[in-house]
2 protein chains.
Amino acid sequence: MIRVSLIGTGNVASHLAKAFLDARDVELVAVYGRSLEKLDALELRTSTRKITQLDEIPECDVVVISISDDKIAEVSAAIPRGNYIITHTAGSIPCEVLDDHDVYGSFYPLQTFSKSLEMRYDNIPICLTANTQSGLKQLEQLARAISKDVRLLTDEQRAQVHLSAVLVNNLLNHIIYLAEDRLDQNDIKADILHPLIKQTIIKLEDMSAYDAQTGPARRDDMSVVTRHLEKLQGTPDLQEIYKLLSASITKTYNT
Amino acid sequence: MIRVSLIGTGNVASHLAKAFLDARDVELVAVYGRSLEKLDALELRTSTRKITQLDEIPECDVVVISISDDKIAEVSAAIPRGNYIITHTAGSIPCEVLDDHDVYGSFYPLQTFSKSLEMRYDNIPICLTANTQSGLKQLEQLARAISKDVRLLTDEQRAQVHLSAVLVNNLLNHIIYLAEDRLDQNDIKADILHPLIKQTIIKLEDMSAYDAQTGPARRDDMSVVTRHLEKLQGTPDLQEIYKLLSASITKTYNT
């Protein structure tokens, strides 16, 4: 049984709390929040202590800090030293920010979380880093208790994963928004795109994104690309995005 | 029973042939290809004639031209006039390209097709345009025989749909490629991104892309954006794409 204290009550923290509570080999001994109100919203069990002071963290094996990036150093410094490994869940913050403590690392679940959405946790990749072998072992035990996909990464690799995640989650979602917004403005119901978007992703189960590429830029069909760029004259930002991505596709396949 | 002749043996044509063959109320009377070899690869039934001359098109209700954009006008002109409506399956080509014929229109299935992938056709949106009411009725009958999602669009609307489809299929796929390529170059297995990509899309069943947006640019967290842009210095194309899309996100939510 591995004992965990969780620091935070936000999006990622609330999903982690659920995952830890559901895991057979994990005991969520405490959750820290700035107010009892926020802690009460988490639907914890009575066996988990709700604490609002960092020095109330009970004896445990792992402390997981899951708060906004810019608060991690400050909160870590305020946590009393103890026989636990201190970790954070931030993609782009090096573990050294936790080096007030002897044993520290990263426990980074690579997923997009919404408070309202139910999710399965067991296929979410958990990326681990630790400054000691014994610390890493404990993190591995914790990660494997909630997921089948556990990966050991350096700080630099985790930062690359986070960057890539921003590309395929945030930037990709924005492109979908821009496309839907465009349809909206032309009195076309945006759900027309949904089957295509799904198939675009399903295809990647069978082939690499490199092989899956189709479309005018892939074929170097400049007449369609030019026609589209003309249509986009009223929305110069989107026009520039379309132009750049098309040029990048053409370069990838035709040079 | 609606009788169809299909012109073409490529990607889209081969999927349409399958869909027409599987539809109860459709009779695929003929398929035209430039060679018998290509026609033989389609796995047609004996009831469908394989023709290699356009003047061999038998009596039918709808002719569907599914070939590359730049050949449509030429092929249409070579098709004898008859008691059928002539259509093409191109997203960005106006129907007037078929106006050698009295009754013409567009039969545009909005999906990404790969020859090797099995697909369900009944939820693929079929976009229809026609220059006469009776022509439109026949197209509707044909479209409803293979799909539950049939939409009547103008040429201009179809062109907007095609443009949006390029955004959410081609450009989106390329972003995934760029992200995976980046991981590859940092010795990280690219499949780490798959659960995230899937969840990004699943989320859109419950909320709009506008509401689903998260990430540093959404929060106007310039420290992460700047850190990522620094990391991307070695790949200026991707750096520019990241910068533009992030600026567009920030503009969408923070002005």
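Our structure is the block above this text.
Along each chain, residue indices are assigned from 1 in the same order as the chain's sequence is written. Following the order in which they are written, the chains are lettered starting with A and the ligands numbered starting with 1. Two thresholds apply to this predicted model, a pLDDT of at least 70 for residue-level local features and 80 or more for giving and counting side-chain atom pairs, whereas whole-chain, interface and lining totals are computed over all residues. Heavy atoms throughout the structure, all of them, feed into the side-chain values; hydrogens and water do not.

J.: Explain the sheet that holds strand 1 (residues 2-7) of chain A to me, using residue names and the numbers behind them.
T.: The strands making up a sheet associate through backbone hydrogen bonding, with each pair oriented either parallel or antiparallel. Residues and elements named next belong to chain A. Read across the open sheet, the 8 strands follow the order 3-2-1-4-5-6-7-8; overall the sheet is mixed. Every interior strand has two partners, whereas the edge strands, strand 3 (49-51) and strand 8 (150-152), have only one. Going from strand to strand, the sheet's axes swing by 25° on average, the running direction of each strand aside. Strands pair, by our definition, only if DSSP identifies at least two bridges between them. Numbering of helices and strands starts at the N terminus; helices are DSSP runs of H or I of at least 4 residues and strands are runs of E of at least 2. As paired elements, strand 1 and strand 4 (residues 62-65) share 4 bridges and run parallel to each other. Note on strand 4: the bridge partner recorded for Leu6 is Val64. Packed on one face of the sheet, helix 4 (residues 133-146) meets strand 1, strand 2 (26-32), strand 4, strand 5 (85-88), strand 6 (104-109), strand 7 (126-130) and strand 8 and runs near 170° to strand 7. Whether two residues are in contact is decided by their heavy atoms: any pair within 4.5 Å suffices. Here, axes are lines fitted to C-alpha atoms. For helices the fit covers the stretch in contact, and angles between N-to-C directions go from 0 to 180 degrees. Relative to the sheet, helix 5 (residues 155-185) contacts strand 5, strand 6, strand 7 and strand 8, its axis offset from that of strand 6 by approximately 25°.

J.: If you had to explain the relation of the copies chain A and chain B to someone new, which residues and values would you point to?
T.: When chain A is fitted to chain B, the residual RMSD is 0.0 Å, and the transformation amounts to a turn of 180° plus an axial shift of 0.0 Å. What we have between these two chains is a two-fold relation. Looking at the rotation axis and the C-alpha trace of chain A, the residue lying nearest is Leu172 of chain A, at 3.0 Å. When you check the interface residues of chain A against chain B, 100% turn up at the interface there too, and the contact is symmetric in its surfaces. A least-squares superposition brings the copies together, and it is based on the C-alpha atoms of residues with pLDDT no lower than 70 in both.

J.: Could you give me a rundown of the pattern of salt bridges, with the residues and numbers involved?
T.: Opposite charge on two side chains permits them to pair, given that their charged atoms come into close proximity. The working definition used for a salt bridge is a side-chain nitrogen of Lys or Arg within 4 Å of a carboxyl oxygen of Asp or Glu. Per the counting criterion, the structure on display carries 32 salt bridges over all chains. Notably, a salt bridge pairs Lys251 of chain B with Asp237 of chain A, separated by 2.6 Å at the nearest N-O pair. On the criterion of chain membership, the pair formed by Lys251 of chain B in helix 9 (residues 236-254) and Asp237 of chain A in helix 9 (residues 236-254) is interchain, its members lying in two chains. The partly exposed category is assigned to Lys251 of chain B, whose relative accessible area is 46%. Three or more residues joined by partner-sharing salt bridges are found here, namely Asp149 and Arg151 of chain A together with Lys189 and Asp191 of chain B. Residue exposure (1.4 Å probe, protein chains only): buried if accessible area is under 20% of the type maximum, exposed if over 50%, otherwise partly exposed.

J.: Give a description of unusual backbone geometry that names residues and reports values.
T.: Positive phi, close to 55°, is recorded for Glu43 of chain A, a residue that is not glycine. Assignment of secondary structure puts Glu43 of chain A in the loop between helix 2 (36-40) and strand 3. Exposure remark for Glu43 of chain A: the relative accessible area of 69% places this residue in the exposed category. One non-glycine residue, Asp220 of chain B, lies in the positive phi region at around 60°. Mapped onto the fold, Asp220 of chain B is located in the loop between helix 7 (209-212) and helix 8 (222-231).

J.: A description of the packing of aromatic side chains should follow, citing residues and the corresponding values.
T.: Only the six-membered ring of Trp is used, alongside the rings of Phe and Tyr, when aromatic pairs are assigned; centres must lie within 6.5 Å, and planes under 30 degrees apart are stacked while those over 60 apart are edge-to-face, with the rest tilted. Applying the stated criterion across every chain, the model contains 6 aromatic pairs over all chains. Put simply, the rings of Tyr177 of chain A together with Tyr210 and Tyr253 of chain B pair up and form one aromatic cluster.

J.: Explain the interface of chain A and chain B to me, using residue names and the numbers behind them.
T.: On the chain B side, the residues contacting the 85 residues of chain A number 86 residues. By buried area we mean the combined loss of accessible area, with a 1.4 Å probe, across both parts when two parts are placed together. Here chain A packs against chain B, burying approximately 8,200 Å² in sum over the two surfaces, 68% of which is carbon and sulfur. In this structure, the connection of chain A to chain B is made through 8 salt bridges. For Glu156 of chain B, the salt bridge goes to Lys231 of chain A, with nearest N and O atoms at 3.0 Å.

J.: Explain the packing of helix 5 of chain A against helix 9 of chain B to me, using residue names and the numbers behind them.
T.: At a closest axis distance of 10 Å, the pairing of helix 5 of chain A and helix 9 of chain B adopts a crossing angle of 55°. Here helix 9 of chain B runs oblique to helix 5 of chain A, going by the angle between their axes. Helix 9 of chain B is crossed by helix 5 of chain A, and the crossing has left-handed handedness. Each of Leu163, Val166, Leu167, Asn170, Leu171, His174, Ile175, Tyr177 and Leu178 of chain A in helix 5 of chain A lies in contact with helix 9 of chain B, whose residues at this interface are Leu238, Tyr242, Leu245, Ser246, Ser248, Ile249 and Thr252 of chain B. Tallied by class, residues from the contact of helix 5 of chain A with helix 9 of chain B come to 11 nonpolar, 5 polar and no charged. Roughly parallel refers to an angle under 35 degrees, roughly antiparallel to one over 145, roughly perpendicular to one between 65 and 115, and oblique to any angle outside these ranges. Left-handed is the label given to a crossing in which the near helix is rotated counterclockwise from the far helix by less than a right angle, and right-handed is the label when the rotation is clockwise. When residues are sorted by character, Ala, Val, Leu, Ile, Met, Phe, Trp, Tyr, Cys and Pro go into the nonpolar class, Asp, Glu, Lys and Arg into the charged class, and all the rest, Gly among them, into the polar class.

J.: Just give me the short version of the state of the cysteines, but keep the residues and values in it.
T.: Residues and elements named next belong to chain A. Here, two cysteine sulfur atoms that lie within 2.5 Å of each other are counted as a disulfide. Under the criterion given, the structure shown has 0 disulfides over all chains. Sulfur of Cys95: no disulfide; nearest cysteine sulfur belongs to Cys127 and is 11 Å away. You can call Cys95 buried: its relative accessible area is 3%.

J.: Which residues make up the pairing of strand 5 of chain A, and what values go with them?
T.: Remember that side chains alternate between the two faces of the sheet whenever the strand is regular. Residues and elements named next belong to chain A. Because side chains alternate across strand 5, one face comprises the buried residues Ile85 and Thr87, and the other comprises Ile86 and His88, equally buried. The pairing of strand 4 with strand 5 spans 4 bridges and is classified as parallel. What sits directly across from Val64, in strand 5, is Thr87. Taken together, the 3 bridges between strand 5 and strand 6 define a ladder with parallel strand orientation. Across the sheet, Ile86 pairs through a bridge with Tyr104, a residue of strand 6.

J.: So, helix 5 (residues 155-185) of chain B: which residues are in play, and what are the values?
T.: Residues and elements named next belong to chain B. Helix span, as expected, comes to 1.5 Å for every residue beyond the first. Between its terminal C-alpha atoms helix 5 stretches 44 Å, which fits the 45 Å expected from 31 residues at 1.5 Å a residue. Of all the bends in helix 5, the greatest, near 30°, is centred on Val166. Most of helix 5 sits inside the fold, with 26 of its 31 residues counted as buried. Asp187, located one to two residues past helix 5, shows a positive phi value of around 55°. To obtain the bend at a residue, axes are fitted to the seven residues ending there and to the seven starting there, and the angle between these axes is taken.

J.: Please set out helix 9 of chain B residue by residue, giving values where relevant.
T.: Counted at 1.5 Å a residue, the expected span for helix 9 of chain B with its 19 residues is 27 Å, and the 26 Å between its end C-alpha atoms agrees. Those residues of helix 9 of chain B hidden inside the fold are in contact with helix 5 and helix 9 of chain A together with helix 5, helix 7 and helix 8 of chain B.

J.: Go over the side chain of Thr87 of chain A with me, naming the residues and quoting the values.
T.: Residue and element names in this part refer to chain A. Within the secondary structure, Thr87 sits in strand 5. Classification of Thr87 as buried rests on a relative accessible area of 0%. Setting aside residues up to four positions removed in sequence, Thr87 forms contacts with Val62, Val63, Val64, Ile65, Leu98, Gly105, Ser106, Phe107 and Leu139.

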